[in-house]
Amino acid sequence: MNDINPLVHQHADIREAVRDVCRAFDSAYWQEVEASSGYPEAFVHALTQAGWLAALIPEEFGGGGASLTEASVILEEINRSGANSGACHAQMYTMGTLLRHGSPEQKRAYLPLIASGELRLQSFAVTEPTTGTDTTRTKTFAEKRGDRYIVNGQKVWISRVQHSDLMLLLARTTPLSRITKKTEGLSVFLVDVRKSLEGGLTVRPIRNMVNHETNEVFFDNVEVPAENLVGEEGKGFSYILDGMNAERILIAAECVGDGYWFIDRARTYASERIVFDRPIGQNQGIQFPIAQAYANVRAADLMRYEAARLFDAEQPCGAEANMAKLLAADA
Ligand SMILES: Cc1cc2nc3c(=O)[nH]c(=O)nc-3n(C[C@H](O)[C@H](O)[C@H](O)COP(=O)(O)OP(=O)(O)OC[C@H]3O[C@@H](n4cnc5c(N)ncnc54)[C@H](O)[C@@H]3O)c2cc1C
């Protein structure tokens, strides 16, 4: 494999197979999706069929049994091809919460269906209008009544709800006034979106500038079976933080893929565009910013691999995951 990324030989088999799927979705396809503010349904379907969106699911449940490092290579390659993983990447990073904290029954019930593409777990509901960054002030409340929880509240900026069957929801289960540590009393639920839409869930799309499908979501006495609680009641904050590290590493890898794609395009144009009888790429004024961008992407890429290595080793990786995303987004 010949590429401007010198690490392209790592996981070459994954890269080549992902590039094969992406090749069918060219620039014209993505421009049409963008122009019509559409959802890349055919692309997401093709990725699912090829098994890439189930990469993190263990093989016993029909998935690929990949590490987070390998999953990050998949998303990097999608964006490296000029495609946009944003339409479906949450299926990868929400998966960690279910894999690490879900019960054996939940794994048996959901993972094979997610792996086969019958169910999509692409929605992740944490942010609220009055509690953005300060997640511990989450107001959406899930009250236990017998064998179910009754959920009331509001979320905002919740992406891909219209293209997801399941939603991972963070809600308070013990009021802030009744706990000593504010990170406690929050719980994670697996919500059946389709069923809930018939029972108190309202989804209102938010128009935004980057064709990223996102929504306001209202819960009005939505019933969630108690068996859909993920892990222990009251411990959801730490599960979500763990999931956010995976999200940061995976999105850093997407940014790295974007970076190599943009640099490749810039390099090609600089060598093809002739002014004063020579390519503009012969001028240092053109070379320097491309070289700077390349150095930034390479540095971010190294931090992404370090963060992914720590995550896979189940070692603390919060700082590295944050730095990887910061460096990669800037690059
Ligand atoms: C396109 C899009 C898609 C999204 N998709 C999802 C989704 O699928 N699911 C979901 O749950 N959320 C989603 N979000 C929400 C996103 O994660 C939030 O925007 C984020 O959590 C920040 O919340 P906020 O916008 O309310 O910012 P605020 O909390 O209002 O913060 C505003 C600014 O102040 C800074 N700030 C706040 N407090 C401090 C502090 N103590 N020290 C330093 N700086 C501080 C913040 O860093 C930020 O820059 C999405 C957002 C967008 C724009």
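Conventions adopted
- Residues numbered from 1 in each chain as written.
- Predicted model: local features only at pLDDT ≥ 70, side-chain atom pairs only at ≥ 80, totals over all residues.
- Helix = DSSP H or I, 4+ residues; strand = E, 2+ residues; numbered from the N terminus.
- Rg over C-alpha atoms; globule rule 2.2 N^0.38 Å.
- Buried ≥ 20, exposed ≤ 12 C-beta atoms within 10 Å, placed from the backbone.
- Contact = placed C-beta atoms within 7 Å.
- Expected span 1.5 Å × (residues − 1).
- Domains from an automatic or database assignment.
- Near = placed C-beta within 6 Å.
- Pairing = 2+ DSSP bridges.
- Core = buried A, V, L, I, M, F, W, Y, C linked by C-beta atoms within 7 Å.

1. A short note on the overall build of the chain
Along the chain, the regular secondary structure elements total 11 helices and 10 strands. For 331 residues, the compact-globule estimate of 2.2 N^0.38 gives 20 Å, and the C-alpha radius of gyration of the chain, at 21 Å, lies within 12% of that figure. Taking the principal axes of the C-alpha coordinates as reference, the chain spans close to 80 × 40 × 40 Å. By residue count, 42% of the 331 residues in the chain fall in the buried class. Taking contacts inside the chain between residues at least 6 apart in sequence as the whole, the part at least 24 apart equals 72%.

2. Description of helix H11 (residues 318–330)
Given a rise of 1.5 Å per residue, 13 residues ought to cover 18 Å, and the 18 Å separating the end C-alpha atoms of H11 matches this to within 8%. Turning to H11, its buried residues number three or more, namely Glu320, Ala321, Ala324, Lys325, Leu327 and Ala328. Buried positions along H11 lie against helix H9 (236–272) and helix H10 (284–312).

3. Some words on the domain arrangement of the chain
Here the chain is described as being made up of domain 1 (12–116), domain 2 (121–237) and domain 3 (238–330). Each of domain 1 and domain 3 has a C-alpha centre, and these two points are 20 Å apart. The interface of domain 1 with domain 3 comprises 21 residues on the first partner and 20 residues on the second. Elements with a contribution of two residues or more to the side of domain 1 that touches domain 3: helix H4 (68–80), helix H5 (90–93) and helix H6 (95–101). In terms of residue count, the dominant contributor to the side of domain 1 that touches domain 3 is H4 (10 residues).

4. Regarding the site of the ligand
Lining the immediate environment of the ligand, one finds Phe124, Ala125, Val126, Thr127, Gly132, Thr133, Trp157, Ile158, Ser159, Asn208, His212 and Thr214. Broken down by secondary-structure element, the contributors of at least two residues to the shell around the ligand are strand E1 (121–125) and strand E3 (148–159).

5. Description of the pairing of strand E4 (residues 166–172)
The element E4 is largely enclosed, with a buried count of seven among its seven residues. The alternating pattern of E4 places Leu166, Leu168, Leu170 and Arg172 on one face and Met167, Leu169 and Ala171 on the opposite face, and all of these are buried. Where E1 and E4 come together, four bridges link them in parallel fashion. By the bridge assignment for E4, Ser123 is matched with Met167. For E4 and strand E5 (residues 186–192), the ladder comprises seven bridges, and the chain directions are antiparallel. Note on E5: the bridge partner recorded for Leu169 is Phe189.

6. Details of H4
When the terminal C-alpha atoms of H4 are compared, their 18 Å separation across 13 residues agrees well with the 18 Å that a helix rising 1.5 Å per residue should span. With respect to burial, H4 is a largely interior element, 11 of its 13 residues being buried. For H4, every residue scored as buried is listed here: Leu68, Ala71, Ser72, Val73, Ile74, Leu75, Glu76, Glu77, Ile78, Asn79 and Arg80. Those residues of H4 that are buried lie in contact with helix H1 (12–23), H5, H9 and H10. In the segment just after H4, Gly82 is the residue with positive phi, at about 95°.

7. What to know about the environment of Gly117
Mapped onto the secondary structure, Gly117 falls in the loop between helix H7 (104–116) and E1. Linking Gly117 and Val44, residues 73 residues apart in sequence, is a C-alpha distance of 9.8 Å. Apart from the residues within four sequence positions on either side, Gly117 is in contact with Thr48 and Gln49.

8. Structural notes on the environment of Ala308
On the secondary structure map, Ala308 appears in helix H10. Separated by 302 residues in sequence, Ala308 and Pro6 have C-alpha atoms that sit 18 Å apart. Leave out the neighbours within four places in its chain, and Ala308 touches Leu68, Thr69, Ser72 and Ile249.

9. Remarks on the nonpolar core
In terms of nonpolar packing, the biggest core is built from 86 residues, with Phe189, Ile249 and Ala300 touching the most fellow members. Setting aside its immediate chain neighbours within four residues, Ala300 contacts Ala252, Cys255, Val256, Ala324, Leu327, Ala328 and Ala331.

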